[in-house]
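Listed below, chain by chain, are the residues.
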Amino acid sequence: MFITATKKSPEELNAFLNGSRGPAGYFRDVSGSQLKITFDVFPWMVSDNMTYLRDKEPNYYFFNTQLGDWSVDKVIHAKDVLRSAVADFGVDLTSYDADNNKVLEGLVVVYEGKSGMLAGSNMSWTNNTYNSKFRRPNLDNVATLDDSTDPNFRAFKSQHILFRRYNNIPEQWSENYPGKLIHAGTWAHEIGHLLLGYRNYYYNPGDLGDYAFSAHSGDPNPFHPAALEKWLFVHWIEQKTIESSSAFQSGDVYVYSSNTFHVKISNISAPDYQVSFTLNKSTLY
Ligand SMILES: [Zn+2]
């Protein structure tokens with residue numbers, strides 16, 4: 001039996017997501033108000049009551065022979081969630097397109113319970129195919145998922161918006177924290193995949209370490225993005241180049257500038273050199 005006693009209400013989730021300690025407040029703060037996200041939280045979807053959402057088993061669970069483990073068909077699941085949102089909740093997907101590019105800004109499927117009970121914590125795709133002729137991934141809209149015999153086809157035809165990328169996020173972190181929402185750090189990291197477009201930079205040789213927000217997930221307080229990330233992923237700041245023609249002795253050298261940062265440079269052997277990097281105060285903390 002599935003225990004639902006600790007399930008959070010949409011109002012509680014809404015207060016967390018849009019509050020100052022949740023992902024909306026986080027991105028507003030670290031971007032200097034350049035990224036403002038508002039989350040609209042819809043009621044829990046109960047599979048029996050939804051037109052397109054089916055029972056988890058056996059419809060979405062399958063044994064993945066490549067992994068040797070059970071997996072979730074996330075592509076089918078996300079499309080069923082989207083169609084049910086339109087058909088059963090009357091959601092207008094076209095109102096989630098702030099940049100008017102006809103592609104859905106973002107969608108998060110929050111599933112009941114802890115991580116691993118359905119689809120993990122990740123950024124996923126509703127369509128895994130790639131159009132090699134146009135060199136871009138294929139996108140869907142809800143009208144392409146069914147033919148005209150579907151009773152909701154007219155409603156789907158009015159949703160002129162494409163989608164592909166979305167997040168899966170569990171409601172709770174683990175059985176050790178029953179009824180406690182998953183950490184803001186997990187939300188911020190996954191939303192960052194979705195909106196900032198970075199990969200996981202916690203694998204060698206591309207591990208960005210403790211300076212990088214994209215290299216961490218799951219912390220109660222999300223890491224502040226490194227200046228490299230602010231510049232490279234989203235252009236919240238300009239790249240600064242520091243040049244010096246001074247001669248330094250070999251050994252450790254500290255470069256200071258206006259007390260805002262310093263960089264340790266080791267083992268300098270060339271008489272002339274140039275350093276080019278990007279930093280801001282936040283990377284010191
Ligand atoms: Zn990640």
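Rules used in this analysis
Residues numbered from 1 in each chain as written. Predicted model: local features only at pLDDT ≥ 70, side-chain atom pairs only at ≥ 80, totals over all residues. Helix = DSSP H or I, 4+ residues; strand = E, 2+ residues; numbered from the N terminus. Contact = placed C-beta atoms within 7 Å. Buried ≥ 20, exposed ≤ 12 C-beta atoms within 10 Å, placed from the backbone. Expected span 1.5 Å × (residues − 1). pLDDT = per-residue confidence, 0-100. Core = buried A, V, L, I, M, F, W, Y, C linked by C-beta atoms within 7 Å. Pairing = 2+ DSSP bridges. Axes fitted to C-alpha atoms, helices over the stretch in contact; angles between N-to-C directions.

Enquirer: Hey, could you run me through the overall build of the protein chain in this one?
Expert: Secondary structure summary: the protein chain contains 7 helices and 9 strands in total. Residue pairs at least 24 apart in sequence account for 59% of intrachain contacts in the protein chain once pairs closer than 6 positions are excluded.

Enquirer: Can you help me understand unusual backbone geometry in this one?
Expert: Going from Glu-57 to Pro-58, the amide bond is cis rather than trans, its omega being 5°. On the secondary structure map, Pro-58 appears in helix H3 (residues 56-59). Although it is not a glycine, Lys-102 sits at a positive phi angle of roughly 65°. Inspection of the secondary structure puts Lys-102 in the loop between helix H4 (74-89) and strand S3 (108-114). Assessed through the 12 C-beta atoms surrounding it within 10 Å, Lys-102 is described here as exposed. Positive phi, close to 55°, is recorded for Arg-135, a residue that is not glycine. If you trace the backbone, Arg-135 turns up in the loop between strand S5 (130-131) and strand S6 (136-137).

Enquirer: Sorry if this is basic, but what is going on with H4 here?
Expert: What sets the pattern is the α-helix's 3.6 residues per turn: residues three or four places apart point alike. When the terminal C-alpha atoms of H4 are compared, their 21 Å separation across 16 residues agrees well with the 22 Å that a helix rising 1.5 Å per residue should span. Within the span of H4, buried status applies to Lys-74, His-77, Ala-78, Lys-79, Asp-80, Leu-82, Arg-83, Ser-84, Ala-85 and Val-86. Lining the buried residues of H4 we find strand S2 (69-72), S3, strand S4 (122-125), helix H5 (153-157) and strand S7 (165-172). Immediately beyond the C-terminal end of H4, within one or two residues, lies Gly-90, with a positive phi of roughly 65°.

Enquirer: What am I meant to see in helix H6 (residues 184-196) here?
Expert: Those residues of H6 that fall on the buried side of the exposure criterion are Ala-184, Thr-186, Trp-187, Ala-188, His-189, Glu-190, Ile-191 and Gly-192. The secondary structure elements touched by the buried residues of H6 are helix H2 (23-30), S4 and S7. Two residues or fewer past H6, Gly-197 is found with a positive phi of approximately 80°.

Enquirer: Mind showing me how you'd approach the confidence of the model for the protein chain here?
Expert: Low-pLDDT portions of the prediction should not be read for the details of their coordinates. Per-chain confidence: the protein chain averages 82 in pLDDT, with 80% of residues scoring 70 or above. Taken element by element, the predicted model of the protein chain shows its lowest mean pLDDT in strand S8 (residues 253-257) (45) and its highest in H2 (95). Counting contacts from residues 247-264, a segment whose pLDDT is below 50, to residues more than four positions away or on other chains yields 23 contacts. Scored below 50 in pLDDT, residues 270-285 makes 30 contacts in the model with residues more than four places away or belonging to other chains.

Enquirer: Hey, could you run me through the nonpolar core in this one?
Expert: A general tendency of soluble globular proteins is for nonpolar side chains to be buried together. Membership of the largest hydrophobic core comes to 19 residues, with the highest contact counts inside it found for Tyr-26, Trp-187 and Ala-188. Put simply, the parts of the chain that give this core at least two residues each are helix H1 (10-18), H2, S3 and H6. Aside from chain neighbours lying at most four places away, what touches Ala-188 is Pro-23, Tyr-26 and Pro-222. Counting residues in hydrophobic clusters, the runner-up holds 12 residues, among them Ala-78, Leu-82, Ala-85 and Tyr-166.

Enquirer: Where do I start with the sheet that holds S4 in this structure?
Expert: As a general point, the strands of a sheet are linked pairwise by backbone hydrogen bonds and lie either parallel or antiparallel. If you trace the 3 strands from one edge of the open sheet to the other, you get S3-S7-S4, paired in mixed fashion. Each of the sheet's edge strands pairs with one partner strand only, and the pair in question is S3 and S4. For this sheet the average axis-to-axis angle between neighbouring strands, irrespective of direction, equals 35°. Bridging between S4 and S7 involves 4 bridges; their strand directions are antiparallel. For Trp-125, the partnering residue across the bridge sits in S7 and is Arg-165.

Enquirer: Help me out: how do you make sense of the environment of Leu-35 in this one?
Expert: For Leu-35, the position within the fold is in the loop between H2 and H3. Leu-35 sits in the partly exposed class, given 18 other C-beta atoms within 10 Å.

Enquirer: For this particular structure, what's the right way to read the environment of Leu-93?
Expert: If you trace the backbone, Leu-93 turns up in the loop between H4 and S3. Sequence spacing of Leu-93 and Val-142 is 49 residues, and the spatial spacing of their C-alpha atoms is 9.4 Å. Setting aside anything within four residues of it in sequence, one finds Leu-93 in contact with Val-86, Leu-104, Gln-159 and Ile-161.

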